[in-house]
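# Structural features, examined
Letter by letter, the chains look like this.
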Amino acid sequence: MKILKKPTSLVNIILLFCICWSQPLSAHEQKVPGVNDSVTAPAMAVIQRTIGDRAKNIKLMYRASAKEGYDTFTIEASNGIVRITGNSPVALTSGFYTYLKEACKAMVSWSGTQLPEFSQWPDFKEKKVTSPYQYRYFLNVVTYGYTMPYWDWERWQKEIDWMALHGINMPLALVANEAIALRVWTKLGLSEKRTNEFFTGAAYLPWHRMGNLNSWSFPLDEDWHQDQIALQHKILSRMRELASKPVVPAFAGFVPEEFLEKHPEVKLSQLDWGGFPKNNNAFVLSPESPWFRKIGKLFVEEWEKEFGKCTYYLSDTFNEMDVPVPKDDPEKKYEILAKYGKTIYESIAAGNPDAVWVTQGWTFGYMHHIWDKKSLSAMLKPIPDDKMIIIDLACEYPDYVWYIDPVWQTHEGFYGKQWIYSFVPNFGGKTALTGVLKFYADNPAKALASPYRKSLKGFGSAPEGTENNEVVYDLLADLGWSEEAIDINKWIGKYAVSRYGVNPPEMKVAWTALLQSAYNTFGSYPRYTWQTLTPDQRRKGKINDDPRFLNAVERFLSCAEQLGENELYRNDAIEFAATYLGIKADDFYKVALMAEKNGDEELKKKAFAETIDILHQTDRLLASHPLHQLAPWVRLARGHGHSTAQKNKYEADAKRLITTWGGFQEDYAARFWSGLISSYYIPRMEQYLFGDKAKVNEWEEKWINTPYAATVEPFRDPVTEAKRLVMKYSFLDKESADEKQKN
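What comes next concerns the included structure. (Residues numbered from 1 in each chain as written. Predicted model: local features only at pLDDT ≥ 70, side-chain atom pairs only at ≥ 80, totals over all residues. Heavy atoms only, no water.)

## Things to note about the sheet that holds strand S1 (residues 58-62)
To be explicit about the condition: The criterion for strand pairing is that DSSP finds at least two bridges linking the strands in question. Note on conventions: DSSP H or I runs of at least 4 residues are helices, E runs of at least 2 residues are strands, and numbering of each starts at the N terminus. Axis definition: a line fit to C-alpha positions, over the contact stretch in the case of helices; interaxial angles, taken between N-to-C directions, run 0 to 180 degrees. Throughout, a contact is declared for two residues whenever any of their heavy atoms are within 4.5 Å.
Within the open sheet, the four strands sit side by side as S1-S3-S2-S6. Their pairing is mixed. Edge positions in the sheet fall to S1 and strand S6 (124-130), since each of these pairs with one other strand and no more. Ignoring strand direction, the axes of neighbouring strands in this sheet form an average angle of 10°. This element, helix H3 (residues 89-104), spans S1, strand S2 (72-78), strand S3 (81-86) and S6 of the sheet and lies at about 45° to S2.

## Structural notes on the layout of surface pockets
Operational definition: Both cavities and pockets are sets of points on a 1 Å grid over the protein atoms alone; in a cavity a 1.4 Å probe fits but cannot get out, in a pocket the set is open with protein on both sides within 12 Å along at least five of seven lines, and lining residues sit with an atom within 4 Å of a point. Grid points are joined across faces, edges and corners, and a volume is the space filled by probe spheres set on the points. For this classification, the nonpolar set comprises Ala, Val, Leu, Ile, Met, Phe, Trp, Tyr, Cys and Pro, the charged set comprises Asp, Glu, Lys and Arg, and every other residue, Gly included, is treated as polar.
Approximately 900 Å³ is the volume found for the largest pocket. Around the largest pocket, the lining comprises 36 residues; the ones closest to its centre are Trp110, Arg155, Lys158, Glu467 and Leu627. Elements supplying a minimum of two residues to the lining of the largest pocket: helix H2 (35-51), strand S4 (107-109), strand S5 (112-114), helix H5 (153-165) and helix H28 (630-638). Residues belonging to the lining of the largest pocket are distributed by class as follows: 14 nonpolar, twelve polar and ten charged. Each pocket or cavity is described by its volume, and for the second largest pocket that value is around 740 Å³. Glu320, Trp362, Tyr366, Tyr525 and Arg539 are, among the 36 residues lining the second largest pocket, the residues nearest its centre. Those elements giving two or more residues to the lining of the second largest pocket turn out to be helix H13 (362-366) and helix H15 (397-402). For the lining of the second largest pocket, the element with the most residues is H15, which contributes three residues.

## Section: empty space enclosed by the protein
In this structure the tally under the stated criterion is nine cavities of 30 Å³ or more. Its boundaries defined by the atoms lining it, the largest cavity holds a volume of some 300 Å³. Surrounding the largest cavity, 22 residues form its lining, Asn177, Arg209, Ala250, Phe251 and Ala252 being those nearest its centre. When residues of the lining of the largest cavity are assigned to their parent elements, the largest contribution, four residues, is made by helix H6 (residues 177-187).

## Thoughts on helix H14 (residues 373-380)
What counts, and what does not: Relative accessible area decides the class of each residue, using a 1.4 Å probe on protein chains only: under 20% of the type maximum gives buried, over 50% gives exposed, and in between gives partly exposed.
For H14, the complete set of buried residues consists of Ser375, Leu376, Ala378, Met379 and Leu380. Buried residues belonging to H14 abut helix H12 (330-349), strand S14 (356-360), H13, strand S15 (388-392) and helix H17 (412-415).

## So, unusual backbone geometry
For Leu139, which is not glycine, the phi dihedral falls at a positive 100°. Relative to the helices and strands, Leu139 is located in the loop between strand S7 (135-138) and helix H4 (143-146). Of note in this structure, Glu320 is not a glycine but carries a positive phi near 60°. With respect to the helices, strands and loops of the structure, Glu320 is situated in the loop between strand S13 (312-314) and H12.

## Concerning the pairing of S15
Within S15, five of the five residues are buried, which leaves it mostly tucked inside the rest of the structure. Bridge count for S15 against strand S16 (residues 418-423) is four bridges, and the pairing is parallel. Residue pairing across strands places Ile391 opposite Ile420, the latter belonging to S16.

## Section: the sheet that holds S14
Reading across the sheet, the eight strands line up as S8-S7-S18-S16-S15-S14-S13-S9 and stay open at both edges, with parallel pairing between neighbours. Every other strand in the sheet has two partners, leaving strand S8 (170-171) and strand S9 (247-249) as the edge strands with one partner each. Two elements, S14 and S15, share four bridges in a ladder whose sense is parallel. The residue bridging Val358 from the neighbouring strand is Ile389, located in S15.

## Points about the nonpolar core
Under the convention used in this document: The definition of a nonpolar core used throughout is a set of buried Ala, Val, Leu, Ile, Met, Phe, Trp, Tyr and Cys residues joined through side-chain atoms within 4.5 Å.
The biggest cluster of nonpolar side chains holds 256 residues, and the ones touching the most others in it are Trp156 and Trp511. The element best represented in this core is helix H26 (residues 567-597), accounting for 14 residues.

## Re helix H9 (residues 222-241)
Here is the rule: For a helix, the expected span equals 1.5 Å multiplied by the residue count minus one. Pairing of N or O atoms within 3.5 Å defines a polar contact, subject to two protein rules: one partner must be a possible hydrogen donor and the other a possible acceptor, and residues neighboring in sequence count only if both atoms are side-chain atoms.
Spanning 20 residues, H9 covers 29 Å between terminal C-alpha atoms, matching the ideal 28 Å at 1.5 Å per step. Capping the start of H9, Asp221 holds a side-chain oxygen 3.2 Å from the backbone nitrogen of Asp223, two or three residues further along.

## Focus on the pattern of salt bridges
Filter applied, for reference: When a carboxyl oxygen of Asp or Glu lies within 4 Å of a side-chain nitrogen of Lys or Arg, that pair is called a salt bridge.
According to the stated counting rule, one finds 44 salt bridges in the structure shown. In this structure, Glu178 engages Arg209 in a salt bridge whose closest nitrogen and oxygen atoms are separated by 2.8 Å. On the criterion of sequence distance, the pair formed by Glu178 in helix H6 and Arg209 in helix H8 (residues 205-209) is long-range, its members being 31 residues apart. Under the relative-accessibility criterion, Arg209 is labelled buried at 16%. A salt bridge links Asp572 to Arg499; its shortest N-O distance comes to 2.7 Å.

## With respect to the packing of aromatic side chains
The description of an aromatic ring pair uses the distance of the two centres, along with the angle that the planes make with each other. For clarity, the threshold we go by: Two aromatic rings, drawn from Phe, Tyr or Trp (for Trp, its six-membered ring), form a pair once their centres lie within 6.5 Å of each other, and the interplanar angle then sorts them: stacked below 30 degrees, edge-to-face above 60, tilted otherwise.
Enumeration over the complete set of coordinates arrives at 68 aromatic pairs. On the basis of an interplanar angle of 90° and a centroid distance of 5.8 Å, the ring pair of Tyr99 and Phe124 is categorised as edge-to-face. Of the two residues, Tyr99 sits in helix H3 while Phe124 sits in strand S6, which places them 25 residues apart along the sequence. In this structure, Tyr99 and Phe124 share a single accessibility class: buried. Summarising the aromatic geometry, the rings of Trp530 and Tyr681 are spaced 5.5 Å apart at their centres and angled 80° between planes, so their arrangement reads as edge-to-face. Taken together, the positions of Trp530 in helix H23 (residues 529-532) and Tyr681 in helix H30 (residues 676-690) put the pair 151 residues apart, joining distant regions of the chain.

## Looking at the packing of H6 against helix H11 (residues 290-307)
In plain terms, the rule: In these notes the angle categories are as follows: under 35 degrees is roughly parallel, over 145 is roughly antiparallel, 65 to 115 is roughly perpendicular, and the rest is oblique. Here a crossing is taken to be left-handed if its near helix is turned anticlockwise relative to the far helix by less than a right angle, and right-handed if that turn runs clockwise.
Contact geometry of H6 with H11 gives a least axis separation of 9 Å together with a crossing angle of 125°. Taken together, the axes of H6 and H11 are oblique relative to one another. Of the two possible hands of crossing, H6 and H11 adopt the one that is right-handed. Here H6 contributes Asn177, Ile180, Ala181, Arg183, Val184, Trp185 and Lys187 to the contact with H11, which in turn contributes Ile295, Leu298, Phe299, Glu302, Trp303, Lys305, Glu306 and Phe307.

## Some details on the packing of H28 against helix H29 (residues 644-657)
Direction vectors running N to C along H28 and H29 enclose 140°, while the axes themselves pass 8 Å from each other. Compared by their axis directions, H28 and H29 come out oblique. For H28 against H29, the interelement crossing comes out right-handed. Where H28 approaches H29, its residues Trp633, Val634, Ala637 and Arg638 are matched on the opposing element by Lys647, Asn648, Tyr650, Glu651, Ala654, Lys655 and Leu657. For the contact of H28 with H29, a count of residues per class yields six nonpolar, one polar and four charged.

## A short note on the environment of Lys647
Positionally, Lys647 belongs in helix H29. Judged by relative accessible area, Lys647 falls into the partly exposed class, the value being 26%. The spatial distance from the C-alpha of Lys647 to the C-alpha of Pro505 is 50 Å, given a sequence separation of 142 residues. Ignoring anything within four residues of it in the chain, the contact list for Lys647 reads Arg638 and Gly641. Engagement of the side chain of Lys647 in a polar contact is seen with the backbone oxygen of Gly641, the distance being 3.3 Å.

Any functional reading would require information beyond the geometric quantities listed.
If you want it as structure tokens, here you go:
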């Protein structure tokens, strides 16, 4: 696109607007010198990376928002020219993506892009949208483990573009946290070697940052730190170009054991998390220690020395952990909590007086028995209202898991502090089809209509892992711009048209059934039994196997003849069919487990043979899906190594996280990936059922530490195979049902 040059006079300004807009000039449309290009150029760069040369007839213009601090865009298209105005780069990219979806039947997703060919951009009647939220937040501390620990700049650039198109203007940006922490600890006299050993392996760094875990997996090294610093410079530069408000890390009070050795007089508390031994648990400073403020100040100063001035700093001190306060002295407890709140904030403000402390509110709901009204209000009271943002991380959890009132409601909008209404649609990066779409569509509007709207500044999502359940994130993107609840039944029809180009009758039936089954399901642990070897009695959960879901898959696949050439339809067909087949494999595997329990070796062998036959076919199906493969995960991990030894270390770290994890988190991530099914899940089941059960852990460690070589052969026509396999097992089910009815 040719960027419009700065006009030299008011006459030129008026002429420019008359030519470009053919409408009266308003005060909000004035081209502010230096502003227009700084707003439009980054947005146009996103659009060009998304659609290439087709961007030439997209015209962008800066227009101030009538509601200061809130993003606004206007779209209009006629005679092949699309005109988008907005008050920020993200407002412009959101307007462009809205036009793509609504006018062009198009979609940009993690798994691919649907953009029809046409001779010119379709006409579109003027539409103006203003977000009811200042901030549209995205990511979770642990997304940096479950999805992006090994991303390179190419992958990050795609994600930042995806965020801009989906309206996100407050992303979490935690890369290079440890590089800065290393500088802090060595300045305080700690050794570089021991500090790197204090950190965890790259995939586990989120839990280190939250004080859950130290010295686990592999130590970091200088190569890692330098790579991460270079990467974070690119990430923050791009986010700032888009005028986003990145949330960066701050010191949360956790110190290495070597610090305790050097300062035995310092008062510390040792925390406990995740079933790990004490040597992997964290030490947290007392809020009364002057070291808390000193280290926090030094961290912010070192961060800003490297990356420039920031405003929003994340610090999570008690994530899923008991707070070190007396249990039998309530007044002392409230006093200590107030000191923690004051000290954490002051440790950040000491390095940057303009900083805002951001914290994830997950623990306030997860540990609601600790964080009652008096406790949380005590901790928050010493902090200025405009210097804190609480992300009410998982607003679906009170209804579906904890069975309590909404956290934001219980705590009265967090007692005047700024807060963000958020969902956590995914745990562990699990690839099961889940999400309560109607709940998502209905409930943010209730918070906007509540007495606590005054301090409600944002909306967002904090998935533990991304690149799954794309329908959820398109809905959440739209909710970030909606004052009212969204009619999910109407919305899903528009989604199907944008995703596939058309929404034929069988597709409508399929998506209605999906809304009633898989996408009316929520829980932390949706996994197949064959992924956990035996039913997990601690973290209970299941894949939705409602007959309506099975029928939905069959209806969806019936559209293959009409839609089989559409990339996003093919991807969904593969994923839905694979999920269907995983359910059938689970049915046989449960029979094998029961047969073993009953000592029936013949039935065990027969049922297990059926299990692995289905799973091998599923593995081949998923080899054609762009997201659900082990190979890219391994490739990105190995890409950070500068030697074979480093590459092997990073690969093992990445594979451990998605399988054995550590502590009592085994099988938590439960990826349904090609390559993982055939190289890990199937042989592990064989080891368990037909080998030495006592050596399963030994087998797992060997797999983790053996470099993966992709050998899965994809089907030449995966959609046809998906239809054939689903039809085969659907027929067997009907045959079995008929047989039962006869008997």
